[in-house]
Amino acid sequence: MAVTIEDLYRSYGVLADAKDNLSQHKDAYQVILDGVKGGPKEKRLAAQFIPKFFSSFPELADSAINAQLDLCEDEDVSIRRQAIKELPRFATGENILRVADILTQLLQTDDTAEFNQVNGSLIAIFKIDAKGTLGGLFSQILQGEDIVRERAIKFLSGKLKTLPEEVMTKEMEDYVFAETKKVLEDVTGEEFLLLMRIVSGLRVLQTVSGRQQLVELVVEQAFLEQALNPAELDTVDRLLQCTRQALPLFSKNVHSTRFITYFCENVLPNLSSLKHPVAELDIQLEMLKLVAEMSPFCGDMEKLEPNLNMLFTKLLEFMPLPPEEAEDGESAASEEPKLQFSYVECLLFSFHQLGKKLPDFLLEKVDAERLKDFKIRLQYFARGLQVYIRQLRVALQGKSGDALKTDENKIKVVALKITNNINVLIKDLFHNPPSFKSSVSLSWKPIQRSEAVAPKRPSADEVGSGASTNKQVSPQPRRDARQIYNPPSGKFSATIGNFTPEQRGGFRGGRGRGFGGRGNRSRGRIY
């Protein structure tokens, strides 16, 4: 005979009045458990009554949890939400892992309100037992269905940092790091980015040794021990994404040497052959930017001279010789060479940084003919620079505030920064002997508060070095709106390369592409 509303209230009254003698009324609790087989009203009451008396009947614990789980799978979403809301009350003792596992699987729901309820219940049991909750989450990440794994990783990525220190203790953070390393043995590109976001936010890893451990994780994912196949889209994108993850970790104590060495030996020789899944992305420029940003943090390098020579060779490729003159003194070429300022800024900066470690490179390691050729290229490039710098200053003169925020003027502001940076670095190399003392801020790096772009005409050294002034500060474009200035000689033209950290693009087709394939797992009942 089906359990009615009256039966449920009667049994509830018996148990509520029993006080210290609850265990003697097992039959009354069984009636409540049977309520999950009734209609919608009976189910809603059962969802509330079952957890209320759960702890008093340990011998019926499995039956009680299974009854609640039946309600979590009900066709009526309001019943499911009520059952999910009460699940944390079952999270005691050895049940915590099971409840966490169940809630993690319930993240696969497509109902927004239900999904939010699952999130809320997971946060609630975190405060009851953080390690048990993490155990359930990582169990599903390692063994669960793809949709559950994906959402569990996203849950940790978004919620872990919001938990207070008394919940996320050092022991818990160590546990998260250890489990994340297991997950990283087989991940997709998107998963790798989310997992790195999780571990990068752990307080226990905000030390020099902690950042070094994070770099080691990235090195393993980047496959730096393997030669680069420039035509393999996922391999190139893997390197790009891994290096971007490693970049914020580098410092004077955490060196970029292995990455710089790999780029000099594998990326620069194949630069023109690199292929990337996102056709609009200038992969050559993105790779050169990474080398430039990493170069200040390069430590002692075993193969410094050959790597510096590779940078020098690549720099020569992007610095053209002046066109030959005809007998009448005019240029024999139909058009002047294209000056690729963005590329040259990256290569010159990288060469300048590594050159500090071998200051006699140009004098003793480069033969006379090659050095003469280099100086001719430098002189030609420097002349072109001066023309552009003058034109850009005239175009920006007197502009400030909103006038500098137009797309056209944003490009010109960045172009001025690029050309002045190159100008400063070229002047250093023209010294005899070459100097490596000047300091510039890369054009795409976020502007420091002390930096300014003056509305009046500044000196080349002021703009090039990013020196502070007392003028009105005009913000440069953010790093996530990088501008590429690449005009042909004698004209202004530009393309803007807008890259944001969310615009990943490289790991297409889900698992099985990118960072290793993960086999599909089929399961029966999700619990």
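About the thresholds
Residues numbered from 1 in each chain as written. Predicted model: local features only at pLDDT ≥ 70, side-chain atom pairs only at ≥ 80, totals over all residues. Heavy atoms only, no water. Helix = DSSP H or I, 4+ residues; strand = E, 2+ residues; numbered from the N terminus. Buried < 20%, exposed > 50% of the residue type's maximum accessible area, 1.4 Å probe, protein only. Contact = heavy atoms within 4.5 Å. Phe/Tyr/Trp six-rings, centres within 6.5 Å; stacked < 30°, edge-to-face > 60°. Lys NZ or Arg CZ within 6 Å of the ring centre and 35° of its normal.

Structural notes on the overall build of the protein
Thought 1: Each helix and strand in the protein was counted, giving 21 helices and 2 strands.
Thought 2: The burial tally for the protein puts 50% of its 527 residues in the buried class.
Thought 3: Restricting the contact set of the protein to residue pairs at least 6 apart, pairs at least 24 apart contribute 72%.

Concerning the packing of aromatic side chains
Thought 1: Counted according to the given criterion, the structure contains 15 aromatic pairs.
Thought 2: Ring centres 4.7 Å apart and planes at 10° place the aromatic pair Tyr29 and Phe57 in the stacked group. One end of the pair, Tyr29, is in helix H2 (residues 26-34); the other, Phe57, is in the loop between helix H3 (40-52) and helix H4 (61-72), with 28 residues separating them in the sequence. The same class applies to Tyr29 and to Phe57, which are both buried.
Thought 3: Centre to centre, the rings of Phe138 and Tyr175 are 6.5 Å apart; their planes meet at 85°, and the pair counts as edge-to-face. Remark: Tyr175 occurs in helix H10 (residues 170-183) and Phe138 occurs in helix H8 (residues 130-143); sequence separation between them is 37 residues.
Thought 4: Grouped by ring-pair contacts, the aromatic residues Tyr9, Tyr12, Phe49 and Phe53 constitute a single cluster.
Thought 5: The aromatic ring of Phe223 is capped on one face by Arg238, whose charged end is 4.2 Å from the ring centroid.

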